[in-house]
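Descriptive structure summary
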Amino acid sequence: MAAPRTTRTEVIVVGAGPAGLMLSAELALRGVRVAVVEQRHRPSTESRASTLHARTMEILDSRGLLPDLGTPPNEPRGHFGGVPLDLTLPSPYPGQWKVPQTRTESVLEEWALSLGADIRCGHRLRLIDLAQDPDAVEVEAVGRDGRPVRLRGSHLVACDGQDSTVRQLTGADFPGHGAARELLRADVDGLDIPDRRFQRLPRGLAIAARRADRVTRVMVHEFGSAARTRTGPVRYEEVAAAWQRVTGEDIGGGKPLWVNHFDDESRLLAQYRHGRVLYAGDAAHRQMPTGGQALNLGLQDAFNLGWKLAATVRGEAPAGLLDTYHLERHAVGAAVLGNIRAQVALLLGGAEVEPVRAVLAELLAEEPARARLAGMVSGLDIRYATCGGGHPLVGARLPYARLRVGGAVCTTFELLRSGRGLLLGLGAPPPAAGARWDDRVDLVTAAPARDEQGTWDGVAAVAVRPDGHVVWVGGAQDGDGNGDGDGLDAALGRWFGAPRRPHTRPRAGTAGRAVSDT
């Protein structure tokens, strides 16, 4: 058989789940040629995850994707290990937004395809070649017709889930602990049982939630039971038997549409980057999807990586930019896995954890404790130390606010929709020095809307990365908008590379879709 022809691209993404689709779209948005290799022959019909948290909703807004989700149900209350938790925080999207994973994937896939991403379903990865060329990665996959296909690019990103083929082929170090406990889960039609929200009964934990289509998702864990070593899928009879032992209810007559299990195995890659191979989503971390955090964590990995990898491929990245992906997201992953392990102990522990749950419930009545855990679960508390210190905004996400720009009203998130950096002047043009980066950074002059003045007390300008995190804040003392702004050159150089334009005066920018000023 003749050797397979090699197709050249710039970035190869393995896996077309939420993280892979988000990453491929972020790359294509910046003109990077990207090929996605997915072993499934068609999109999944299984909605494993159903929750989008506030930070993820903000990210989708910053790319103009929220209208495509429709009007998902919103629940301001979440939980921490089954203990009720009010998730309300300063954000336009507080709480949990119930979006089936199938819908999230569909929206991201349509966006990626519209930007030119090459998504190849029915292709099973079998070989990664890192040795032949230090400047490229080659992979070989088996295509739909059983014939080998070779792809060559400058980088490879593994987004192929918790059982990552890329991770296995490269032998990446994946430390952590194996499974000790598990939850059985099924989507069942034809049930008439009461809803149960993390109900702890004498023999175990029971959860039941009926959707609008009258399908009921049930989850059950028997206290003291151990995770089983499985060689095949969970059978519905096993779920129904456990449910009856815990609740006394017979659900055996229901029609199972989907059955699976998830356990508390917890692992985190030692390094998210191995030269030209990077990892995102569940390929980089394995955790029980407690509190709906797993999918959100993966999407936010991809959002952090996309613009950095694009700049690297295009030759625009400053030294060390791609390394900040590991520095930032590994720390976030470790924190999330830590809070999930705490939640698993509270959720699946037996009577011995009841005193701890009672103390936690009392503490959550105190606002600082509630806000701390709400920020942790929602992703709104993330602040990247790599951005520097000083002002409280530096390293944090750009706050949501409405602004007057060029006679119209838009939001801060709308100003990020180009996928470029942002230098925002508030009440006056941003420092003129920023114009030297205007091939990579949008310069915008805006005034806070009538009821948004307090958001920007003492702030005259901000510089923002494409992923929405602030890297510089200028106060009124930094000049009238025509100076350099103390530290601005260093911040822009750190994240966007050397300037390519001479020092010129900035133009007042216009950006964003007009919205009503209410």
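Residues numbered from 1 in each chain as written. Predicted model: local features only at pLDDT ≥ 70, side-chain atom pairs only at ≥ 80, totals over all residues. Heavy atoms only, no water.

1. With respect to the overall build of the protein chain
Looking only at helices and strands, the protein chain has ten helices and 29 strands in total. For 518 residues, the compact-globule estimate of 2.2 N^0.38 gives 24 Å, and the C-alpha radius of gyration of the protein chain, at 24 Å, lies within 12% of that figure. When the backbone C-alpha atoms are referred to their principal axes, the protein chain occupies close to 75 × 70 × 35 Å. For the protein chain, the share of sequence-separated contacts (at least 6 apart) that also reach a separation of at least 24 residues comes to 70%. Accessible surface, the protein chain: about 21,500 Å² in total, of which carbon and sulfur atoms supply 51%. For the protein chain, the separation between the mean place of its 62 positive charges and that of its 61 negative charges on side chains is 3 Å. (Helix = DSSP H or I, 4+ residues; strand = E, 2+ residues; numbered from the N terminus. Rg over C-alpha atoms; globule rule 2.2 N^0.38 Å. Contact = heavy atoms within 4.5 Å. Areas by Shrake-Rupley, 256 points an atom, 1.4 Å probe, with all protein chains shown as cover. Lys, Arg positive; Asp, Glu negative; His and termini not counted. Charge placed at Lys NZ, Arg CZ, Asp CG, Glu CD.)

2. Side note on the sheet that holds strand 5 (residues 74-75)
Spatial strand order, 4-8-5: three strands in an open sheet with antiparallel pairing. Every other strand in the sheet has two partners, leaving strand 4 (51-52) and strand 5 as the edge strands with one partner each. As judged from the two bridges shared by strand 4 and strand 8 (residues 96-98), these two strands associate in the antiparallel manner. Bridge pairing links Leu52 to Trp97 in strand 8. (Pairing = 2+ DSSP bridges.)

3. A closer look at the pairing of strand 18 (residues 216-222)
The buried fraction of strand 18 is high, at seven of seven residues. Of the two faces of strand 18, both are covered, the one formed by Thr216, Val218, Val220 and Glu222 as well as the one formed by Arg217, Met219 and His221. Direction of pairing for strand 15 (residues 182-189) relative to strand 18: antiparallel, over a ladder of five bridges. What sits directly across from Val188, in strand 18, is Thr216. (Buried < 20%, exposed > 50% of the residue type's maximum accessible area, 1.4 Å probe, protein only.)

4. Comments concerning the packing of helix 6 (residues 293-313) against helix 7 (residues 323-348)
It is at 10 Å that the axes of helix 6 and helix 7 come closest, and there the two elements cross at 175°. In terms of their interaxial angle, helix 6 and helix 7 are classed as roughly antiparallel. Across the interface between the two elements, Gln293, Leu297, Gln300, Asp301, Asn304, Leu305 and Lys308 from helix 6 touch Thr324, Tyr325, Glu328, Arg329, Val332, Gly333, Val336, Leu337, Asn339, Ile340 and Gln343 from helix 7. The class makeup of the residues in the contact of helix 6 with helix 7 is seven nonpolar, seven polar and four charged. (Axes fitted to C-alpha atoms, helices over the stretch in contact; angles between N-to-C directions. Parallel < 35°, antiparallel > 145°, perpendicular 65-115°, else oblique. Nonpolar A, V, L, I, M, F, W, Y, C, P; charged D, E, K, R; others polar.)

5. Quick look at the pattern of salt bridges
Applying the stated criterion across every chain, the model contains 40 salt bridges. A salt bridge links Asp187 to Arg211, with the shortest nitrogen-to-oxygen separation between them at 3.4 Å. Linking Asp187 in strand 15 with Arg211 in the loop between strand 17 (204-210) and strand 18, this pair joins segments that are 24 residues apart in sequence. The shortest N-O distance in the salt bridge between Glu367 and Arg370 comes to 2.8 Å. Taken together, the residues Glu367 and Arg370, both in helix 9 (residues 367-378) and three residues apart, mark about one turn of the helix. If you follow the salt bridges from partner to partner, you end up with Arg126, Glu138, Glu140, Arg150 and Arg152 in one network. (Salt bridge = Lys/Arg side-chain N within 4 Å of Asp/Glu carboxyl O.)

6. Observations regarding unusual backbone geometry
A positive phi is found at Phe198, a non-glycine position, where the angle reads about 50°. When you line up the elements, Phe198 lands in strand 16 (residues 196-201). Even without being glycine, Arg214 reaches a positive phi, approximately 70°. The residue Arg214 is located in the loop between strand 17 and strand 18 in this model.

7. Comments concerning the pairing of strand 12 (residues 148-153)
By the criterion of burial, strand 12 is predominantly enclosed, with six of the six residues buried. Side chains of strand 12 alternate between two faces, with Pro148, Arg150 and Arg152 and Val149, Leu151 and Gly153 buried alike. Across three bridges, strand 1 (residues 6-8) lies against strand 12 in parallel orientation. The residue bridging Thr6 from the neighbouring strand is Arg150, located in strand 12. Pairing analysis gives six bridges linking strand 11 (residues 137-142) to strand 12, with the strands arranged antiparallel. In the strand pairing of strand 12, Val139 is matched with Leu151. A loop of five residues connects strand 11 with strand 12, the two strands running antiparallel in sequence, and Gly146 in this loop sits at a positive phi of about 85°.

8. Let's talk about the sheet that holds strand 23 (residues 285-286)
The strand order 14-20-23 describes an open sheet built from three strands, whose pairing is antiparallel. A single partner strand is all that each edge strand has here, and the edge strands are strand 14 (176-177) and strand 23. As paired elements, strand 20 (residues 266-268) and strand 23 share two bridges and run antiparallel to each other. The partner of Arg267 across the bridge, within strand 23, is Arg286. Those strands touched by helix 7 are strand 14, strand 20 and strand 23, and its axis lies near 170° from that of strand 20.

9. Notes on the environment of Val215
Within the element layout of this structure, Val215 appears in the loop between strand 17 and strand 18. In this view, Val215 contacts Asp187, Val188, Asp189, Ala209, Arg210 and Leu257; residues no more than four positions away in its chain are not counted.

10. Concerning the packing of aromatic side chains
Enumeration over the complete set of coordinates arrives at five aromatic pairs. Their ring planes at 75° and their centres at 6.2 Å tell us that Tyr93 and Trp97 sit as a pair that is edge-to-face. Across the pair, exposure class does not vary: Tyr93 and Trp97 are buried alike. Members of the aromatic cluster, joined through ring pairs, are Trp307, Trp495 and Phe496. We note Arg167 situated over the ring of Phe174; from NZ or CZ to the ring centre the distance is 3.9 Å. (Phe/Tyr/Trp six-rings, centres within 6.5 Å; stacked < 30°, edge-to-face > 60°. Lys NZ or Arg CZ within 6 Å of the ring centre and 35° of its normal.)

11. As for the environment of Gly153
Following the sequence through the fold, Gly153 ends up in strand 12. On the basis of relative accessible area, Gly153 is assigned to the buried category, the value being 4%. Separated by 345 residues in sequence, Gly153 and Ala498 have C-alpha atoms that sit 25 Å apart.

12. A word on the packing of helix 1 (residues 18-29) against helix 6
Axes are the key here: two packed helices are described by the angle between their axes and the distance separating the axes. Where helix 1 meets helix 6, the axes come as close as 8 Å, and the angle between the chain directions of the two elements is 25°. Viewed along their axes, helix 1 and helix 6 adopt a mutual orientation that is roughly parallel. Crossing of helix 1 against helix 6: the hand is right-handed. Contacts from Pro18, Ala19, Met22, Leu23, Glu26 and Leu27 of helix 1 reach helix 6 at Leu295, Gly298, Leu299, Ala302, Phe303, Leu305, Gly306, Leu309 and Ala310. (Left-handed = near helix turned anticlockwise from the far one by under 90°.)

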